[in-house]
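Listed below, chain by chain, are the residues.
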Amino acid sequence: IRRLFRRGQREEETVINDLRVIGCEISQDESGQHRVVFGSHVSGSTDGIIESGLPGAEHTRHVLEIKTHGRKSFDALKDGVEKAKPEHWAQMQVYMRGTGIERALYVAVCKDDDRYHIERVSYDADAAEAIVERGQRLALTERMPEPCPGGSPDWYQCNFCDAHDFCWNTRTTKQV
């Protein structure tokens, strides 16, 4: 899992360098990202903000989101990120809401052959608000929701979840 995340971080650097080569001005904080905070324990980090220079939209700011995919997941992106990876689309909606930027650039890299899928995403204010409200409602609830439908202790998405131990093992939270 650490190697997977490290691979994603290396790809972020590569994509950002490629975007800068074609003239994009990208801002990031000292951690290499751009933090967005909504309160009530709801926050996230974009991979950066494209301030200008994106071909075809040179003067439009964009939230930048970079993801790596295996071949099957990558090939599904032909139907668009909203349909193929709704969790990534939701992330961008929330980040656009938090930054006040109305466009996002989604760059996916296929880990099998280094293909790029690049997609501009428009802001959906209603969806973004609903996603943030849901996050705040979940963060402030007194009772943990049931595990995801269809989830199991060895399901790959459950294995990546911060609540894995809570849902499937101890049922207790950790003090951080």
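Higher on the page you've got the structure.
Computed from a prediction, not measured in an experiment: that's the story for all the values here. (Residues numbered from 1 in each chain as written. Predicted model: local features only at pLDDT ≥ 70, side-chain atom pairs only at ≥ 80, totals over all residues. Heavy atoms only, no water.)

**Details of the nonpolar core**
- Counting residues in hydrophobic clusters, the biggest one holds 21 residues, and the most contacted among them are Val63, Val81, Met92 and Val121.
- Those elements that provide at least two residues to this core are β2 (34–39), α4 (86–99), β6 (103–110) and α5 (125–140).
- Not counting chain neighbours up to four residues away, the residues in contact with Val63 comprise Thr46, Gly48, Ile49, Tyr95, Met96, Thr99, Ile101, Arg103, Ala104 and Leu105. (Core = buried A, V, L, I, M, F, W, Y, C linked by side-chain atoms within 4.5 Å. Buried < 20%, exposed > 50% of the residue type's maximum accessible area, 1.4 Å probe, protein only. Helix = DSSP H or I, 4+ residues; strand = E, 2+ residues; numbered from the N terminus. Contact = heavy atoms within 4.5 Å.)

**With respect to a nonpolar patch on the surface**
- A surface patch of nonpolar side chains, about 540 Å² in accessible area, is lined by Ile1, Leu4, Phe5, Tyr156 and Phe160.
- By secondary structure assignment, the location of Phe160 is in the loop between α6 (156–159) and α7 (164–168). (Patch = residues over 30% accessible without salt bridge, like charges linked within 9 Å, V, L, I, M, F, W, Y side chains within 5 Å. Areas by Shrake-Rupley, 256 points an atom, 1.4 Å probe, with all protein chains shown as cover. Salt bridge = Lys/Arg side-chain N within 4 Å of Asp/Glu carboxyl O.)

**Observations regarding the packing of aromatic side chains**
- A complete count under the given rule lists one aromatic pair for this structure.
- An angle of 85° between the planes, with centres 6.0 Å apart, marks the rings of Phe5 and Phe160 as edge-to-face. In this pair, Phe5 sits in helix α1 (residues 2–21) while Phe160 sits in the loop between α6 and α7, placing the two residues 155 residues apart along the sequence. (Phe/Tyr/Trp six-rings, centres within 6.5 Å; stacked < 30°, edge-to-face > 60°.)

**Observations regarding the side chain of Gln93**
- Inspection of the secondary structure puts Gln93 in helix α4.
- A distance of 2.6 Å separates the side chain of Gln93 from the backbone nitrogen of Asp124, its partner in a polar contact.
- Aside from chain neighbours lying at most four places away, what touches Gln93 is Val121, Ser122, Tyr123, Asp124, Ala128 and Ile131. (Polar contact = N/O pair within 3.5 Å; in protein donor to acceptor, adjacent residues only side chain to side chain.)

**Looking at the pairing of strand β3 (residues 42–46)**
- Across the five residues that make up β3, a large majority, four, are buried.
- Summarising the sheet, β2 and β3 pair through five bridges and their orientation is antiparallel. If you follow Val37 over to β3, its bridge partner there is Ser43. (Pairing = 2+ DSSP bridges.)

**Things to note about the packing of α4 against α5**
- Look at α4 against α5: their axes get within 9 Å of each other, and the N-to-C directions meet at 95°. With respect to their mutual orientation, α4 and α5 come out roughly perpendicular. Taken together, the residues of α5 that come into contact with α4 (itself represented by Trp89, Ala90, Gln93, Val94 and Arg97) are Ala127, Ala128, Glu129, Ile131 and Val132.
- Class assignment for the residues of the contact of α4 with α5 results in seven nonpolar, one polar and two charged. (Axes fitted to C-alpha atoms, helices over the stretch in contact; angles between N-to-C directions. Parallel < 35°, antiparallel > 145°, perpendicular 65-115°, else oblique. Nonpolar A, V, L, I, M, F, W, Y, C, P; charged D, E, K, R; others polar.)

**Focus: the sheet that holds strand β1 (residues 25–27)**
- Across the sheet, which stays open at both edges, the five strands sit in the order β1-β4-β5-β6-β7 with mixed pairing between neighbours. Whereas interior strands pair on both sides, the edge strands pair on one side only; in this sheet they are β1 and β7 (116–122). Neighbour-to-neighbour, the strand axes of this sheet turn through a mean angle of 30°, independent of strand direction.
- Strands in contact with α4 are β4 (48–52), β5 (62–69), β6 and β7; relative to β5, the strand with the most contacts, it is inclined by about 160°.

That is the geometry; function is a separate question.
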